[in-house]
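Descriptive structure summary
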Amino acid sequence: MSAISVQNLTFAYEKQIVLEKISLQVKEKDFLAIIGPNGGGKSTLLKLILGINKIQKGTIKIFEQEPSKKLSLIGYVPQNTNINIDFPIRVIDVVLMGHVPIVNLPKKSFFKKALRWRDEGETACAMGALGQVGMEEYAYKKIGSLSGGQRQRVMIARALCAHPKILLLDEPTASIDVDGQKQIYDLLKVLNKSITIVVVTHDISVVLEYASKVAHINKKLTFHDVSYQANFQKSNGHFCEVEMMQMLGAQKGCSC
Amino acid sequence: MLEALGYQFIQNAIIAGVLVSFASGIIGSLIVVNRMVFLAGGIAHTSYGGIGLAIYFGLPLFFGASLFACAAALLMAFVTINQRDKIDLFIGLIWAVGMAVGILLVDLTPGYNVDLMSYLFGSILAVSRDDIRYISLLLGLIVVIVFLFYKELLAVSYDSEYASLRGVNVRFFYTLILVLSALTIVVAIKVVGLILVIALLTIPIYIAEKLSSSLAWMMFLSGIISTLFTLVGLTLSYLYDLTSGATIIMVSALGLTSFLVYDKLKGRQRF
Ligand SMILES: Nc1ncnc2c1ncn2[C@@H]1O[C@H](COP(=O)(O)OP(=O)(O)OP(=O)(O)O)[C@@H](O)[C@H]1O
Ligand SMILES: [Mg+2]
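Residues numbered from 1 in each chain as written. Chains lettered and ligands numbered in written order. Predicted model: local features only at pLDDT ≥ 70, side-chain atom pairs only at ≥ 80, totals over all residues. Heavy atoms only, no water.

Looking only at helices and strands, chain B features 13 helices and zero strands. Written out in order from the N terminus, the α and β elements of chain B read α-α-α-α-α-α-α-α-α-α-α-α-α. Whereas a compact globule of 271 residues would reach a radius of gyration of roughly 18 Å, chain B reaches 19 Å, a difference of no more than 12%. Considering only C-alpha atoms, chain B reaches an extent of 55 × 50 × 30 Å along its principal axes. In chain B, which comprises 271 residues, the share counted as buried stands at 54%. Accessible surface, chain B: about 12,200 Å² in total, of which carbon and sulfur atoms supply 71%. (Helix = DSSP H or I, 4+ residues; strand = E, 2+ residues; numbered from the N terminus. Rg over C-alpha atoms; globule rule 2.2 N^0.38 Å. Buried < 20%, exposed > 50% of the residue type's maximum accessible area, 1.4 Å probe, protein only. Areas by Shrake-Rupley, 256 points an atom, 1.4 Å probe, with all protein chains shown as cover.)

Structure below.
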């Protein structure tokens, strides 16, 4: 079964077409890396999948159903994690927002939850998620007092908190240090044993080391299975994106 | 000084001051964290149209003003949700039109010469028992709603995009916040006046925001700080025979200045 299935998707902001005839199948337990230039439409695609942007042309299905019905199965890490920095809120409370909300609960437990405000099970789970991204000691700090990279880790924890079946991450490690990046991608790799992962990134070493599929988006889509990744010379470490794209471009005619 | 407490109208003023402080502390916190201060200003001014309407048709002022303010809130909710880019123009428009309608309707009412000053600066010394009953009811409603839907309100205020992904009805809660703001603003205008409402919705809340590490604390602390300013202002206005609204504003402004200086010098305490 496809975790995400995008068919013939075309999207425009006002009149500027940003995505054109995108078709994409993400299978369960895929690890898809989305690459492409700034303004290529990567974030827009994720927001379409999440229903934040409304679909204009084409279809998107999550586990063969309308995305709005399956939202509780998706975890999301937005690209911009610097919203509302002055907001009086502690890290743990941000992470707790990842939980599926009380509106979906049966009436009885709705009142129980509403009146108790906080559930110990949820808190423990949120602490666990913070632990996974190495942030539990900051749980009771104000979100505005963290650094940009630390905030990004918190947003990842928030996404993990929902126990998603699909995790969409939009440049999740853009401002995270080298050790932290490795730590987070190793975590994603472990999670990938049971869930589907889609990550937007500019870091080609991620594509090489972790991804099983790669999609290059620049208004249009070029899609690749990276099981041939052995072809790349891993020993060189970092690739630059241009090189990678050239390689992808050169292989356009391949059968994948 | 103490013998003043024996007067019914002073008692009423104090009770109303405390109730309005807490209502505006809770709702003001929501307004500030949602960046709706400009919207709240629009609602406050538009409500004058409702006062004109009530005077023209001989309805209770509270009723007319609340009606107009709620209508303005619903309109604003509708426009902000659907047409974010034109929101400034729109608020400016209904802000001005609301006031103009009010003034024209008052002009057209034969023999009525409304005191615009009491709309601007309120009439805290003329608060009746009925007013107090209505304010208590409203405060009770606000507390219950915030208590039951705290998580949703927090989620919508902090990150509305993510809240909608988690199934929270963002439009509903956004509209709810605006309608509650409208009701609170009308009550507060009656008691402390339009100018002080804007001050009450910003000064104590700014201080509380800096001192709090949760929205709930911010709401509570804002209430305490406004109460403090209001009571000190009232006392001074009684002792030196000054206009109460203006005195409360000056006390708040002084409070804010001292806080900023203290904050610079000392580093902050957090709750
Ligand atoms: N809210 C918006 N309103 C209008 N245009 C937008 C909006 N968001 C994005 N765009 C435009 O759509 C195009 C694609 O933007 P998008 O954010 O999807 O790019 P991206 O691939 O995520 O880029 P980056 O690598 O910089 O994150 C850009 O040209 C951008 O200007
Ligand atoms: Mg982007």
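Read on, since the account is not over.
A few words now on the overall build of chain A. Assigned secondary structure in chain A consists of eight helices and nine strands. When burial is assessed residue by residue, chain A has 52% of its 256 residues classed as buried. A separation threshold of at least 6 residues defines the contact pool for chain A, and within that pool the share at least 24 residues apart is 70%. As displayed, chain A has an accessible area near 12,000 Å², and 51% of this comes from carbon and sulfur atoms. (Contact = heavy atoms within 4.5 Å.)

For the magnesium ion (ligand 2), the protein coordination sphere consists of Ser43 of chain A (OG) and Gln79 of chain A (OE1), at 1.9 to 2.1 Å. Residue Ser43 of chain A is found in helix H1 (residues 42-50), and its partner Gln79 of chain A is found in the loop between strand E5 (74-77) and helix H2 (91-96); the two are separated by 36 residues along the sequence. (Donors = N, O, S within 2.8 Å, 3.2 Å for Na, K, Ca; no water.)

This brings us to the sheet that holds strand E4 (residues 57-62) of chain A. Residue and element names in this part refer to chain A. Taken together, three strands build an open sheet; the order of strands is E2-E1-E4 and the sheet is antiparallel. Of all strands in the sheet, those bounded by a partner on one side alone are strand E2 (16-27) and E4. Strand-to-strand twist across the sheet, computed as the mean angle between neighbouring axes with direction ignored, equals 15 degrees. Both strand E1 (residues 2-13) and E4 contribute to a ladder of five bridges, which runs antiparallel. Bridging across to E4, Val6 finds its partner in Ile60. Contacting E1, E2 and E4, H1 crosses the sheet at an angle of about 115 degrees to E1. (Pairing = 2+ DSSP bridges. Axes fitted to C-alpha atoms, helices over the stretch in contact; angles between N-to-C directions.)

Further remarks concern the pairing of strand E8 (residues 213-218) of chain A. Here is the key point about a regular strand: its side chains alternate between the two faces of the sheet. Residues and elements named next belong to chain A. Most of E8 sits inside the fold, with five of its six residues counted as buried. Note: strand E3 (residues 31-35) against E8, four bridges, orientation parallel. Among the inter-strand pairings, Leu32 is bridged to a residue of E8, identified as Lys213.

Residue and element names in this part refer to chain A. The pLDDT averaged across chain A works out to 81; a share of 79% of its residues lies at or above 70. Per-residue pLDDT stays below 50 along residues 230-240; that stretch engages in 13 contacts with residues further than four places along the chain or on separate chains. When the criterion is pLDDT under 50, residues 250-256 qualifies, and its contacts beyond four places in sequence or with other chains add up to seven contacts. (pLDDT = per-residue confidence, 0-100.)

Judged by nonpolar contacts, the single largest core of 166 residues is most densely connected at Ile4 and Leu168 of chain A. When residues of this core are assigned to their parent elements, the largest contribution, 16 residues, is made by helix H9 (residues 170-192) of chain B. When sequence neighbours within four positions are dropped, the list of residues in contact with Ile4 of chain A reads Leu24, Gln25, Val26, Ile49, Lys61, Ile62, Ile166, Leu168 and Val198 of chain A. (Core = buried A, V, L, I, M, F, W, Y, C linked by side-chain atoms within 4.5 Å.)

This paragraph deals with helix H13 (residues 244-266) of chain B. All names here are of chain B. For H13, which comprises 23 residues, the first-to-last C-alpha distance of 32 Å matches the rise-based estimate of 33 Å (1.5 Å per residue) to within 8%. Within the span of H13, buried status applies to Ser244, Gly245, Thr247, Ile248, Ile249, Val251, Ser252, Gly255, Phe259 and Asp263. Residues of H13 that are buried in the fold lie against helix H5 (116-121), helix H10 (194-200), helix H11 (203-211) and helix H12 (215-240). (Expected span 1.5 Å × (residues − 1).)

Turning our attention to the pattern of salt bridges. All names here are of chain A. What the rule picks out here adds up to nine salt bridges over all chains. Residue Asp30 is joined to Lys213 by a salt bridge in which the shortest nitrogen-to-oxygen separation is 2.9 Å. Of the two residues, Asp30 is situated in the loop between E2 and E3 and Lys213 in strand E8; the sequence distance between them amounts to 183 residues. Accessibility classification places Asp30 together with Lys213 in one group, the buried group. Arg90 serves as the salt-bridge partner of Asp93, at 3.1 Å between the closest nitrogen and oxygen. Judged by its relative accessible area of 8%, Asp93 falls in the buried class. Residue classification places Arg90 among the buried residues on the basis of a relative accessible area of 19%. (Salt bridge = Lys/Arg side-chain N within 4 Å of Asp/Glu carboxyl O.)

Next up on the list: the site of ligand 1. Residue and element names in this part refer to chain A. Close to ligand 1 lie 14 residues, the nearest being Gly39, Lys42, Ser43, Thr44 and Gln79. Here an oxygen atom of ligand 1 sits 2.8 Å away from a polar atom, N or O, in the side chain of Gln79. Contact with the protein chains covers 62% of the free accessible surface of ligand 1, which is 640 Å². Breaking the shell around ligand 1 down by element, the ones donating at least two residues are E2 and H1. Here the element with the most residues in the shell around ligand 1 is H1; it accounts for three residues. The class makeup of the residues in the shell around ligand 1 is three nonpolar, nine polar and two charged. (Near = heavy atom within 4 Å. Polar contact = N/O pair within 3.5 Å; in protein donor to acceptor, adjacent residues only side chain to side chain. Nonpolar A, V, L, I, M, F, W, Y, C, P; charged D, E, K, R; others polar.)

With that settled, the discussion passes to the interface of chain B and chain A. Contacts between the two partners involve 29 residues from chain B, matched on the other side by 35 residues from chain A. The junction of chain B with chain A conceals about 2,900 Å² of combined surface from both sides, 62% of it contributed by carbon and sulfur atoms. Our enumeration of links across chain B and chain A arrives at two salt bridges. The closest approach of N and O atoms between Arg158 of chain A and Asp159 of chain B, which form a salt bridge, is 3.1 Å. Secondary structure elements with two or more residues in the side of chain B that touches chain A: helix H6 (129-148), helix H7 (150-158), helix H8 (160-165), H11 and H12 of chain B. For the side of chain B that touches chain A, the leading source of residues is H7 of chain B, giving seven residues. (Buried area = accessible area lost by both parts, 1.4 Å probe.)

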